[in-house]
Every structure is written in C-alpha cells, then in structure tokens.
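Geometric and topological summary
Each chain is listed here by its residues.
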Amino acid sequence: MGKQQIQSLRGMYDLLPEQTVDYDYILAAFRSVARSAGYGRIETPLLEDKALFERGVGADTDAVSKEMYAFTDRSDNGVALRPEFTAGIVRAFIEHGMNSQPQPVKLYSYGPLFRYDRPQAGRQRQFNQVNVEVIGEAAPSIDAQVIVLALRFFRRINLTNVTLQLNSIGDAACRGKYRTALIEYFKVNAKKLAAVDRERYENNPLRVLDSKEASSQSVLADAPQTLNYLCDACQAHFSGVLEYLDDLGVAYELNPLLVRGLDYYTRTVFEFYGEREGSQSALGGGGRYDALVERLGGQPTPAIGFALGLERMLLEIDEAGAKAVQPDDKRVYVASLGEPARLAAFRLIEQLLDGSVGALGAVDRDGIGSQLARADKLGVPLAIIIGQKEVREETVILRDMASGAQEILPLNGIVAELRSRFGIV
Ligand code: AMP
C-alpha cells in the first residue's frame, strides 16, 4: 500500500512560477515606489510574543481573539505568528530607540502573515501584504502623502481603477462621546440587528459598523456618524487631510461606516477597493495610530501606515485583465541539432548566463522542430540554432521567433551581440 500523500494545510497555498512572475513584479514596484519616497525596509520576525498583539492590536479584535495562530513554544512562552505588521514594527521602533533618529521614521515591509480565518477566494490563512509605516509625525500632510503613495503604487502595477474610501474615527478625546451615542442608538434598534451584532454592540459598538450581516444593514444606514462627533482638533486634522488630497486632485469617497477592524486606529482611516465584486474586494487599507507607540511602552509618538493584500492584488490584476508585467522578453532559447552541436549549445548557454543574458534550452533531447515549439511556448523573442554546419564554421543561426527571420552570426561575439540587442549595460 502506498503512503498517504501529505498536502498543504487548509488556507495555505503554493505560489507557482506562473504566479510569482506577477508577484515579484508587484514587490519590485512596491520597493521602488517606497524607496524613492524615502522609506527604508524593515523586516521583523514572523513569530512574536503573543502579548504584543493582544496589547497592540487588541485582545478582542477578531484578528487576535479568533484568528491568531498562538501557541506555547518548548519553553512554555506564549508566542504567535504575526497577524499584521504594525505591532511588530512599532515594537522594533521602540526596541531600537528609533525615536532618536530624525523624525518621521519611514519604514516599508512585506511578507507573510497568518490568520486562522475561513478560507475562501481572497481569504487565506497565510497571505502576504506590502506595508508602510510613518512614525513620528502628526501633520495631516503626512496622511495625504501616505495615501497618495498607495495610489501611485496601484498605478505602477496597472491597477488604475482603485477607489479610495476615507473616514475619521477621532481620538480618545472624542471617541467616548461617539461610542456612547452609538451604543444608545443600537440599544433602541437592537431588535433589527442581526444576533451577532446584538451581542457585541455593548462591548464593541464600532465593530458593529463594520458588520457584513444583511439584517443589520438598515440599522447601520442611519447610525450616528463619527464625523459629527469629532473634537475640534480631530476635525481640523481631517479637514487638513482632505485639503491636501483635493490639492493633488485625488478622488475619494467619505464612508461613515469605515472603522477598520483593529483597535489601534485613531483619526484618519482609509481603504482601497478594486473592481472585483463581493465582500473580499478590499485591496487594503490603513490609518493613523497615534496612541500605539505609547501603548506598547514607548514615548507618545504619532504614526500612520497602510497594508495591502498581495493575493487580492493578484486577483484584481487577473480580473482587470491587466498585465502587471510583460513576459520575460530578454531571454534566448538555444536549440541544437546533432552530437557536436549539443556540446556547443551546452557551453553557449553557460557563457550567455555568465554574460547576464537570460538563456535556456534542453540540449539533451528533441528534434529542432520541437525545441523551437518549446521556445515559442516560453515566449522568448530569439532563438539560437546550432547544427553541425554551424559548429564546423563557428557560427550560429539567430532566429527572430515572431517573424521567423534568420541570420547567421559568428559564434565568437554572440554574447556581446545579444547583450547589445537586449540593451544590457
Ligand atoms: P486588514 O489589515 O485586515 O484590513 O488587511 C489589509 C488587507 O490585507 C486586506 O484588505 C486584504 O487585502 C489583505 N488580507 C487581510 N486578511 C487576509 C486574508 N485572510 N487573506 C488574504 N488577504 C487578506
């Protein structure tokens, strides 16, 4: 009897070569957009003290209470796989005394996160985000800059129809009054709320605003709105953000129900939506978290950031029929016919690679026709063909795969020739 096959865990997926092309392109675009705006890359551990997320993200958020991969390690320490980036990055900011660096500190990061969620399209248990944080600056211009950075990045990866939704949820000074008004409103309308929302509105009224329950929607439509409860300082901040966005001609929708699922947010919150329908259509979002650094043991330090889901962006790129990246067009396929040519092709592939020219070919098999068919399938623009005659004359045939035109070139110098044709400097 054969051994039972072991499969990947539920909600965890392999990214196969045809998917990593777009994936790598997205990351490269993100790195470039972030670096040119002065962000430095930070990488924090996947595994952290569980208390970091309980205290940072909030012990009764879904991400922590229901979805966190938490366990005790072999020394009985409570640890957790990170469900999001911000708490770990703020921990690192404090731990490395980054408040003594010129402020604000601008950081970007990307990598895998873990949430024990119900898997469905666009929702996985291991997923990837790209993330930025700006720590140490309270000005509304920073909020606008951060939002515009995300929009610039979307354009860079050919996602041109992304909608920005905005709201302000105030700070400790005005949140209390709003919370009370909201609880009061939900109490009056409790009968119309879905059962889960009826149970949680007392403890977590803001989370109910985020409810996807169909029966709660009519209640939510008329719920008190945060914007009407902002204190003067929060009001002035939000007006400032809108003015800067208006100045740059950035389109946005004000969404009074936008609160975001994590506890640390204050003031500006925002989300980005693509064209895909359905509940998993958010590409990402973020907001200010002016109280988090202090909550995690640092000096009071204002901050803002966002995170965008990589798998969601891949789905969106598929849906929009956009191509994040053109197929690799700087590679040559080396085909050979006959015994001495095989060795010549084998050597040439390695010489081309040494010369930074993308080169591939299966020198040990197939006739010339199937080798060229394979080259075609791989989408390479050029093929080199070496037969017995070429070996004798120390030449190669260079074939343009699109037109079929062929030319004969000296073997000696072909690496330099291809470098120049591919514009490799
Ligand atoms: P959040 O911080 O929870 O709003 O997540 C930000 C973005 O990360 C979301 O808008 C999604 O694009 C992505 N994301 C969050 N959770 C998951 C998940 N379980 N699977 C895939 N993507 C996710």
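What comes next concerns the included structure. Keep in mind that this is a model prediction, so the values were computed, not measured.

Along its length, the protein chain carries 16 helices and 16 strands. By principal-axis analysis of the C-alpha atoms, the protein chain measures approximately 90 × 65 × 45 Å. For the protein chain, the residues scored as buried account for 49% of the 425 residues in total. Considering only residue pairs separated by 6 or more positions, the protein chain has 69% of its internal contacts joining residues 24 or more positions apart. For the protein chain, the computed accessible surface area is about 21,300 Å², with 49% contributed by carbon and sulfur atoms.

With that out of the way, let us pick up the site of the ligand. Taken together, 14 residues lie near the ligand, and Arg115, Gln124, Gln129, Arg260 and Leu283 sit nearest. At 3.2 Å from an oxygen atom of the ligand is found a main-chain nitrogen or oxygen belonging to Ala282. A distance of 3.2 Å is found between an oxygen atom of the ligand and a backbone nitrogen or oxygen belonging to Gly284. Of all the secondary-structure elements, those providing two or more residues to the shell around the ligand are β6 (126-135), β10 (282-288) and β11 (303-309). A total of 3 residues in the shell around the ligand trace back to one element, the largest contributor, which is β10.

As enumerated under the stated definition, the model contains 17 salt bridges in all. A salt bridge links Arg342 to Glu339; the nearest nitrogen and oxygen atoms lie 3.0 Å apart. Of this pair, Arg342 and Glu339 are both found in helix α13 (residues 339-354), 3 residues apart, which corresponds to roughly one turn of the helix. Residue Arg342 is classed as partly exposed on the basis of its relative accessible area of 26%. What emerges from the salt-bridge pattern is a single network uniting Glu48, Arg91 and Glu95.

Here we come to the environment of Thr163. In this fold, Thr163 is placed in strand β7 (residues 163-168). If sequence neighbours within four positions are ignored, Thr163 has contacts with Glu253, Glu271, Phe272 and Tyr273.

Trans peptide bonds make up most of the peptide bonds, and negative phi angles are found at most residues other than glycine. Here Gln103 and Pro104 are connected by a cis peptide whose omega angle stands at 0°. With a phi close to 70°, Asp76 is a non-glycine residue in the positive phi region. Along the chain, Asp76 turns up in the loop between β3 (70-72) and β4 (78-81). Residue classification places Asp76 among the exposed positions, given a relative accessible area of 63%.

This brings us to the sheet that holds β4. Read across the open sheet, the 3 strands follow the order β2-β4-β3; overall the sheet is antiparallel. Every other strand in the sheet has two partners, leaving β2 (47-49) and β3 as the edge strands with one partner each. Shown here is a sheet whose adjacent strand axes are inclined to one another by a mean of 35°, direction ignored. Summarising the sheet, β3 and β4 pair through 3 bridges and their orientation is antiparallel. If you follow Thr72 over to β4, its bridge partner there is Gly78. Sitting on the sheet, helix α2 (residues 50-58) touches β2, β3 and β4, and the angle it makes with β2 is about 70°.

Parameters at a glance
- Going along each chain's sequence as written, the residues are numbered from 1 onward.
- A pLDDT threshold of at least 70 governs which residues receive local features in this predicted model, and a stricter bar of 80 or more applies before side-chain atom pairs are shown or counted, although totals over entire chains, interfaces and linings include all residues.
- As a rule here, side-chain values cover all heavy atoms of the structure and leave hydrogens and water aside.
- Think of it this way: any DSSP run of H or I at least four residues long counts as a helix, any run of E at least two long counts as a strand, and we number them from the N terminus.
- Three exposure classes are used, based on accessible area relative to the maximum for each residue type with a 1.4 Å probe and protein chains only: buried under 20%, partly exposed in between, and exposed over 50%.
- Here, two residues are considered to be in contact whenever any of their heavy atoms come within 4.5 Å of each other.
- Note on areas: Shrake-Rupley, 1.4 Å probe, and residue coverage restricted to the protein chains presented here.
- The cutoff for a nearby residue is simple: one of its non-hydrogen atoms must lie within 4 Å of the molecule or strand.
- What qualifies as a polar contact is a pair of N or O atoms within 3.5 Å, subject to a donor-acceptor requirement within protein and to the restriction that residues adjacent in sequence count only when both atoms come from side chains.
- Whenever Lys or Arg places a side-chain nitrogen within 4 Å of a carboxyl oxygen from Asp or Glu, that contact is recorded as a salt bridge.
- For two strands to pair, DSSP has to find at least two bridges joining them.
- A fitted line through C-alpha atoms serves as each axis, taken over the contacting stretch for helices, and the angle formed by two N-to-C directions is quoted from 0 to 180°.

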